[in-house]
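# Notes for the structure review
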Amino acid sequence: MQRTCYSVAPYGEDQYKRSLGPNKFLQNDKYIFVYQDVRGRYMSEGTFTNMTPQVDHKTKKDVDESTDTYDTIDWLIKKILKTITEM
């Protein structure tokens, strides 16, 4: 998983990176690669804060890099499970 403020282009449902991951062997073994713009950059919603500080005692409204990353992984797992159950 790579989260960056420097753009993960190309964007679009039919647009793909030319290569994935650190090498072709992981891609061939069907690993999942995730590239994501951080909050508020390029195609990502929200407000960008450079180096979002860790919030030690979070409320439901608090966000930081760890909560954004957690939400991404949670979404991915739900999407994968849904795909598996529909097979």
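The preceding data block contains the structure.
Definitions and cut-offs
- Residues numbered from 1 in each chain as written.
- Predicted model: local features only at pLDDT ≥ 70, side-chain atom pairs only at ≥ 80, totals over all residues.
- Heavy atoms only, no water.
- Helix = DSSP H or I, 4+ residues; strand = E, 2+ residues; numbered from the N terminus.
- Buried < 20%, exposed > 50% of the residue type's maximum accessible area, 1.4 Å probe, protein only.
- Patch = residues over 30% accessible without salt bridge, like charges linked within 9 Å, V, L, I, M, F, W, Y side chains within 5 Å.
- Areas by Shrake-Rupley, 256 points an atom, 1.4 Å probe, with all protein chains shown as cover.
- Salt bridge = Lys/Arg side-chain N within 4 Å of Asp/Glu carboxyl O.
- Phe/Tyr/Trp six-rings, centres within 6.5 Å; stacked < 30°, edge-to-face > 60°.
- Lys NZ or Arg CZ within 6 Å of the ring centre and 35° of its normal.

Turning to unusual backbone geometry, a few remarks are in order. A cis amide bond links Ala-9 to the next residue, Pro-10, at an omega of 15 degrees. Considering the arrangement of structural elements, one finds Pro-10 in the loop between β1 (2–4) and α1 (24–28). The backbone of Ser-7 sits at a positive phi, close to 85 degrees, despite the residue not being glycine. Assessed through its relative accessible area of 25%, Ser-7 is described here as partly exposed. Positive phi is not limited to glycine here, since Lys-30 has a value of about 70 degrees. Secondary-structure assignment places Lys-30 in the loop between α1 and β2 (35–37).

This part is about a nonpolar patch on the surface. On the surface, Met-1, Ile-32, Ile-73, Ile-77, Ile-80, Leu-81, Ile-84 and Met-87 cluster together to form a nonpolar patch covering roughly 820 Å² of accessible area. With respect to the helices and strands, the residue Ile-77 is situated in helix α2 (residues 65–85). The exposure class assigned to Ile-77 is partly exposed, which follows from its relative accessible area of 45%.

Take the packing of aromatic side chains next. The tally for this structure, following the rule as stated, stands at zero aromatic pairs. Just above the ring of Phe-48 sits the side chain of Arg-41; from NZ or CZ to the centre is 5.0 Å.

This paragraph deals with the pattern of salt bridges. Here the structure, examined in full by the defined rule, presents four salt bridges. Close ionic contact of Arg-39 with Asp-68 constitutes a salt bridge, the shortest N to O distance being 2.5 Å. With a gap of 29 residues between them, Arg-39 in the loop between β2 and α2 and Asp-68 in helix α2 connect regions that are remote in the sequence. Its relative accessible area of 29% is what places Arg-39 among the partly exposed residues. Asp-68 sits in the buried class, given a relative accessible area of 9%. Among the charged side chains, a salt-bridge network with shared partners connects Arg-3, Arg-39, Glu-65 and Asp-68.

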